Amino acid sequence: MPAPERIPSRGLTEAGLRTLLAEGELTVLGQVRGASNAVLYCTVAHEGEERPCVYKPVAGEQPLWDFPDGTLAQREVAAYEISEATGWGLVPPTVLREGPYGEGMCQLWIEADAEAAPSDGLPPLLALVDTEEPGDGWKAVGLAEVGEGRTALLVHADDPRLRRLAVLDAVINNGDRKGGHLLSAPGGRLYGIDHGVTLNADDKLRTLFWGWAGEPLTAEATEVLDRLSAVLKPGAVLATRLGELITAAELDALRGRVESLRKAGRHPQPSGDWPPIPWPPV
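Notes on the structure in this doc start here. (Residues numbered from 1 in each chain as written. Predicted model: local features only at pLDDT ≥ 70, side-chain atom pairs only at ≥ 80, totals over all residues. Heavy atoms only, no water.)

Quick look at the nonpolar core
The tendency in soluble globular proteins is for nonpolar side chains to be buried as a group.
At step 1: Ranked by internal contacts, the top residues of the largest apolar core, which has 45 residues, are Ile82, Leu162, Val171, Phe209, Leu232, Leu242 and Leu254.
At step 2: Those elements that provide at least two residues to this core are α2 (72-86), β8 (150-157), α3 (160-172), α4 (219-231), α5 (237-242) and α6 (248-264).
At step 3: It is α3 that contributes the most residues to this core, eight residues altogether.
At step 4: Counting residues in hydrophobic clusters, the runner-up holds 18 residues, among them Leu17, Leu40, Val95 and Leu183. (Core = buried A, V, L, I, M, F, W, Y, C linked by side-chain atoms within 4.5 Å. Buried < 20%, exposed > 50% of the residue type's maximum accessible area, 1.4 Å probe, protein only. Helix = DSSP H or I, 4+ residues; strand = E, 2+ residues; numbered from the N terminus.)

Description of the pairing of strand β4 (residues 94-99)
At step 1: Sheet topology note: the β4/strand β5 (residues 102-108) ladder contains six bridges and is antiparallel. By the bridge assignment, Val95 is partnered in β5 with Cys106.
At step 2: Connecting β4 to the antiparallel partner β5 that follows it, the hairpin turn spans two residues. (Pairing = 2+ DSSP bridges.)

Overview of the side chain of His195
At step 1: Relative to the helices and strands, His195 is located in the loop between β10 (190-192) and α4.
At step 2: Looking at His195, its side chain comes within polar contact range of the side chain of Arg177, at 2.8 Å. (Polar contact = N/O pair within 3.5 Å; in protein donor to acceptor, adjacent residues only side chain to side chain.)

With respect to the state of the cysteines
At step 1: Taken as a whole and judged by the stated rule, the model has zero disulfides.
At step 2: Cysteine Cys42 remains unbridged, with the sulfur of Cys53 as its closest cysteine sulfur at 4.9 Å.
At step 3: There is no disulfide at Cys106, and the cysteine sulfur nearest it, in Cys53, is 3.7 Å away.
At step 4: Looking at Cys106, the relative accessible area reads 0%, which means it is buried. (Disulfide = S-S within 2.5 Å.)

See the structure below:
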């Protein structure tokens, strides 16, 4: 399956959207409830263009003992920059900027496809099934407690869009890939959001998408990793930009993960040193 077409948002290119997000006037309309950190729903307007967006001020972040350096907002921007370098466009346009409550992350709001709305509390790419093996087109993640002493098999779709996201998560060391962090946009685009707990120097990979664990990487993924290896070399543009967002140790660990994936040629498996699956799945 080819990489998704980079569809401009109503006439704006990716660069134009970044400019809008970075330089536009932010107007806070409300707060997104249920998040552990402050998430504000806003509009951003600049030179006659206006779009909905999410603004996460650093001032609203809860301190995390295992992420003592930098900010979650910086990590969200770093994840976007790496996603862009893959060519897959898996993260909505994201910038770091000043806003009404100080510096924070500003990300384009993605309107989810109404036909892909969650069912039974789970996004359509995930399911709990009362069988021992996944059906055709599905990959097993593991058994889950569903109440009253019952267990069910958690599965995810054997979908190339998810598989790209699984590779990106392995690269950025995503510590919290839940089903609720997926957005299916009209036209078949799939986005991942909420990347504040990524890029730690220690292994933190925790995701629902272990269905390909140990399987060979696709040729497409191998090419992407080769490209990332080149643009992460010291002095390269991406490496220099990431050096402004994460620590030197975290940048070295990022390079190490890319090289380990290239050498192994396979999707990673749970290390056993960290709970591999977030729960609840959404």
